[in-house]
Amino acid sequence: MKDNKIKLKPIKIGLLGDAATGKTAICNSLLNIDFSEDMLISIGLDKLETKFILNNGNEIKLIIWDCGGQERFRSMALETMRMTYGIILVFDVWDYNSFENLNMYLQEISESFEKNIPIVLFANKVDLEKERWQVTDEQIKTFAKEKNLPYFKVSAKTKQGINEGFSYIVNKTYKKLEEKNEHIIIENGNKNIKIEEKISEQEKSNCVGKNNKNKKKK
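Within each chain, residue numbers correspond to sequence positions counted from 1 in written order. The predicted nature of this model means local features are confined to residues of pLDDT at least 70 and side-chain atom pairs, given and counted, to a pLDDT of 80 or more, with totals for whole chains, interfaces and linings taken over all residues. As a convention, hydrogens and water are excluded, and side-chain values are obtained from all of the structure's heavy atoms.

Caption draft 1: Spotlight on the environment of Thr 21. Helix and strand assignments follow DSSP, with helices taken as H or I runs no shorter than four residues and strands as E runs no shorter than two, numbered in order from the N terminus. Mapped onto the elements of the fold, Thr 21 is located in the loop between strand E2 (11-16) and helix H1 (23-30). Counting along the chain gives 47 residues from Thr 21 to Gly 68, while the straight-line C-alpha distance between them is 10.0 Å. Every residue pair with non-hydrogen atoms within 4.5 Å of one another is taken to be in contact. Excluding residues within four positions of it along the chain, Thr 21 makes contact with Val 90, Phe 91, Asp 92, Ser 98, Asn 124 and Lys 125.

This is how it looks when you write it as C-alpha cells:
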C-alpha cells in the first residue's frame, strides 16, 4: 500500500463586476500577459490557473473564475462560482454605475455563497486622469467602511495594486480554509480521501470559453 500523500488544496477565487470594468485585464496582469487597449469583453465564464506563493512560503495552485458582466450569464456564473473560496468585486472608477451596482453583487453573494466568504474590492483603472473619475476616493473609502470590506486601487494597465490585492484575498482565503482544516487534500495511493468540489458536466457545458467574445472594452 502506498503511503498517504498530503497536498495543499487549490485556492479558487472568483471575479465579479459589470462588463468592461477590466476583470479579464486584471487576471492577465497577474499572469504577466501584456495589456491591450483592444481587449475583448469576456462572455460567460472563463477559468484561469497559475501558481501562487503564500505568505508562509508554500506554493499553491490558484484557480480564478472570471465572470462576464452580462446580466444574461449572471445566474449561470453565480451557480458555478459557488465553488470559489473568495471573491474579488471589481468596479471602474470611470463608470459610476459599476460602482453603484456593487450593492447588487453583494446582495447576490449573500444569497448564493457561503456566509462570511472573504471579499475584497478592486477599484480599477486608477491610472487614468483623476479629474475624470466618476467615483471619488472618499466615496470608495466610505463604501468600503460601510460594508466592512478591504479595497485596493488597481490598474490592470500599469499593474498597480494587482499583486497586493491578490495576495491579500488568496492568503485570507487560505487562512480561513486552514482554520477549518479544509486546506489540504489527502491521497491514499491514487485515490483521494478528501477531494475538492468538481464542476458538474452540466455546468461545464454552460460555461462559455474564452474564444466566445464579441465586444471591445472601453
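Caption draft 2: The arrangement of H1 in detail. Among the 8 residues in H1, 8 count as buried, and that is most of the element. To sort residues, take the accessible area from a 1.4 Å probe on protein chains only and compare it with the maximum for the residue type: under 20% means buried, over 50% means exposed, and anything in between is partly exposed. Those residues of H1 that fall on the buried side of the exposure criterion are Lys 23, Thr 24, Ala 25, Ile 26, Cys 27, Asn 28, Ser 29 and Leu 30. Against E2, strand E3 (45-53), strand E4 (59-67), strand E5 (86-92), strand E6 (119-124) and helix H6 (162-179) lie the buried residues of H1. One or two residues past the end of H1 sits Asn 32, with phi positive at roughly 60 degrees.

Caption draft 3: Highlighting the sheet that holds E5. On the basis of which strands lie adjacent, the open sheet formed by 6 strands has the order E3-E4-E2-E5-E6-E7 and mixed pairing. Strand pairing shows two members of the sheet lacking a second neighbour, E3 and strand E7 (151-153), which therefore form its edges. Pairwise comparison of adjacent strand axes, ignoring direction, gives a mean angle of 25 degrees for this sheet. Of the strand pairs in this sheet, E5 and E6 are connected by 6 bridges, and their pairing is parallel. Its bridge partner being in E6, Phe 91 is matched across the sheet by Ala 123. Interaxial angles span 0 to 180 degrees and are taken between N-to-C directions of axes, which are lines fitted to C-alpha atoms, for helices over the stretch in contact. Here helix H4 (residues 102-112) sits on the sheet in contact with E2, E5 and E6, set at roughly 165 degrees to E5. Two strands pair if DSSP finds at least two bridges between them.

Caption draft 4: Seen up close, the pattern of salt bridges. Counted as salt bridges are all cases of a side-chain nitrogen of Lys or Arg within 4 Å of a carboxyl oxygen of Asp or Glu. All told, the structure shown has 8 salt bridges when counted by the stated rule. A salt bridge links Glu 114 to Lys 180, with the nearest nitrogen and oxygen atoms 2.9 Å apart. With Glu 114 in the loop between H4 and E6 and Lys 180 in the loop between H6 and strand E8 (184-188), this pair connects stretches of sequence that are 66 residues apart. Residue Glu 114 is classed as partly exposed on the basis of its relative accessible area of 46%. With relative accessibility at 36%, the residue Lys 180 sits in the partly exposed group. In this structure, Glu 182 engages Lys 180 in a salt bridge whose closest nitrogen and oxygen atoms are separated by 3.7 Å. Among the residues examined, Glu 182 registers a relative accessible area of 28% and is labelled partly exposed. Taken together, the shared-partner salt bridges connect Glu 114, Lys 176, Lys 180 and Glu 182 into one network.

Caption draft 5: Looking closely at the packing of aromatic side chains. Pairs were defined over the aromatic rings of Phe, Tyr and Trp, the Trp ring being its six-membered one, requiring ring centres within 6.5 Å. Orientation was assigned from the angle between planes: stacked under 30 degrees, edge-to-face over 60, tilted for the rest. What the rule picks out here adds up to 6 aromatic pairs. An aromatic cluster is built from Phe 91, Tyr 96, Phe 99 and Phe 143, whose rings are joined through pairwise contacts. Criterion for a charge above a ring: Lys NZ or Arg CZ within 6 Å of the ring centre, and within 35 degrees of the ring normal. The cationic tip of Lys 130 hangs over the ring face of Trp 133; the distance from NZ or CZ to the ring centre is 5.2 Å.

Caption draft 6: Representation of H6. The span you would expect from a helix comes to 1.5 Å times its residue count less one. End to end, H6 covers 26 Å across 18 residues, agreeing with the expected 26 Å (1.5 Å per residue, within 8%). Taken together, the buried positions of H6 are Ile 162, Gly 165, Phe 166, Ile 169, Val 170, Asn 171, Thr 173, Tyr 174, Lys 176 and Leu 177. The first or second residue beyond H6 is Asn 181, which carries a positive phi of 55 degrees.

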